Structure formats: structure tokens, C-alpha cells
Amino acid sequence: MALITESRLRAQLAKGIPNPFRVNPEDKLTPAAADFLKSRGIPLERVSSAQSFSTSDDLKADLRIPVGVSNRHVHLSEEHVELLFGSGYRLNPLRELSQSGQFAARETVTLAGPKGVIPQVRVLGPSRGASQVEISRTDGYLLGIQPPVRLSGHLENTPGIALIGPKQMVMLPEGLIVAKNHVHMSMEDANRFQVVQGDRLMVATAGDRPLLFTDVVVRIHERFSLELHLDTDEANAAELKTGQYVRYVGRNGEITHAIRR
Ligand SMILES: [Zn+2]
């Protein structure tokens, strides 16, 4: 049973309210919600739950997850910052990233592989224990190296890459990855989606090329804000841009909400 309130209807106004407005036989409307529909000339239709699923689902705007598209980038250890940019050098923040404490630095490096180079690759800060380079599969073809899909920090048995900075070149022995898609969330979001660290979300994209991502790793931290991180290949495949939304449809292989556009 759902309780349909005026404020939920108002939240749905921007997207458009279905006419007629279908609800389950057991759903309840507040008097204000009933007036709200009446004043707009939208009739109420009570139908069985199977038919009305997507309508009651429309009200769940809280199933949306904003997307952040990550272009190729580099995380550097302090040692590598100094080798590439000079002794005692510290990264200069250019702009803050959506996850608190993280920033895009003014500094860039050139990636050099056996088949090609990619200049002006953004360094992200602050510096870390181990250097890590995240590229797309497309970048891999350009460079002539195909790294595995990995979560950040899981660098065992990954290939290396040459980094060229203004001072000198650094040959990383390992640390080149294609980032595994993941979703950042706070404890409150985790409660809402009923997931724990390491669970896999299933999310649906809308638009002209709707796709399902069925194995999105959940990363929970009190300082995280809700965001699905995709690389440029994934975002391009789904016609998605930073700030657009995907929709939660399930977790750990089980679809719990209707997949629809
Ligand atoms: Zn991320």
C-alpha cells in the first residue's frame, strides 16, 4: 500500500502526471492529494497492482542516482609528484571534485605507450600511497596497452605505463587500469537502497540508447555523496553526461523495480 500525498504529486509535476492517475486498489490518497488531482481534472483509476506498478514507481524520485563521468586521469604518489614536477613540489588544486576532499589538479602529464601518446592527462589530488592511471578501453587502443577492469587501488598484476612530466619521465611498473564502475554513497543512501559495502547495484539508463549496468560496486563512506562513476566509454555507449541520472532497478542480480524508460 502506498500513501500518496500532495507533496509527492507536486514533486512529480515537472515530469508530468499521468492522466488518468492509476493507483493500486489498496493505495490511499490524502484529501489534499485528491483535491490536487481534481483541480487539474485528472481522474483517479484504481487498477490491479501488476498494471499500476510503473505508475506508483513514478513517484519514487528517490530511485534516481546522479552520474559522474570520469575522463582519463592519474593519481600520483608523493614520490612521483616530485620526480615528475620537481623536488618539494606540491599539487595545485584547480577545482574540487564531487567526492569531498578530492580535487582536480592544475598539473597534467603525458601518457606514453608502445603505440601512441596521450598528452595533458589530468592529475587528481591529493597524492596517494601508490600511483594509479585510469584510462578507457578506447585510450588503451591508442596507447597500445589493454589493462584489466579494476576497482581503484586493486593494482596487482596490472600493466605499467610511462608518465612524462615537465622534469622527467617516470616508468610505472604497474598501476594502469580501466576503472570498474561503482557508486559512491553515504550510510543514509545505503540504508535507503538496503545495500552494504561491496554489494552490486543494477541501474538502468534512459535516453536514446537505454542500457542496464548490472554489476555496479557499492562504495559506502560517511563523506561520500551519491554518484555513479562511469568512464567515458560507458557514458558514451549510454548517451549519458555528468549530472544526468540513472535509475535504481535492483541489487545483487535481482531486479526489484520495473525497468522502463
Ligand atoms: Zn569514484
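Rules of the game
Residues numbered from 1 in each chain as written. Predicted model: local features only at pLDDT ≥ 70, side-chain atom pairs only at ≥ 80, totals over all residues. Buried ≥ 20, exposed ≤ 12 C-beta atoms within 10 Å, placed from the backbone. Helix = DSSP H or I, 4+ residues; strand = E, 2+ residues; numbered from the N terminus. Core = buried A, V, L, I, M, F, W, Y, C linked by C-beta atoms within 7 Å. pLDDT = per-residue confidence, 0-100. Contact = placed C-beta atoms within 7 Å. Pairing = 2+ DSSP bridges.

As a further point, take unusual backbone geometry. Residues Gly 125 and Pro 126 are joined by a peptide bond in cis, for which omega reads 0°. The phi dihedral of Glu 239 falls on the positive side, at around 55°, and the residue is not glycine. Residue Glu 239 is classed as partly exposed on the basis of its C-beta count, with 14 C-beta atoms lying within 10 Å. For Asn 252, which is not glycine, the phi dihedral falls at a positive 50°. Among the secondary structure elements, Asn 252 is positioned in the loop between β19 (245–251) and β20 (254–255).

Generally speaking, a soluble globular protein has its nonpolar side chains buried in company with each other. Core analysis: the biggest nonpolar cluster contains 24 residues, and Val 74, Val 109, Leu 111, Val 133, Ile 161 and Leu 163 have the highest contact counts within it. Of all the secondary-structure elements, those providing two or more residues to this core are β6 (73–77), α4 (78–85), β8 (103–112), β9 (117–128), β12 (161–164), β13 (169–172) and β14 (176–179). Broken down by element, this core gets its largest block of residues, 4 residues, from β14. The next biggest cluster of nonpolar side chains, apart from the first, holds 20 residues, and it includes Leu 201, Val 203, Leu 230 and Leu 240.

With 93% of its residues at a pLDDT of at least 70, the chain reaches an overall mean of 90. Note on residues 49–59: pLDDT under 50 across the span, and 20 contacts to partners over four residues away in sequence or across chains.

This paragraph deals with the environment of Asn 92. Its place among the elements puts Asn 92 in the loop between α4 and β7 (93–96). For Asn 92, a count of 12 C-beta atoms within 10 Å corresponds to the exposed category. Not counting residues up to four positions away in its chain, the partners in contact with Asn 92 are Ala 105, Arg 106 and Glu 107.

Moving on: the pairing of β9. As paired elements, β6 and β9 share 4 bridges and run parallel to each other. Considered in β9, the bridge of His 73 is made with Arg 122. As judged from the 6 bridges shared by β8 and β9, these two strands associate in the antiparallel manner. Among the inter-strand pairings, Ala 104 is bridged to a residue of β9, identified as Leu 124. Counting the residues in the hairpin turn of β8 and β9 gives 4 residues.

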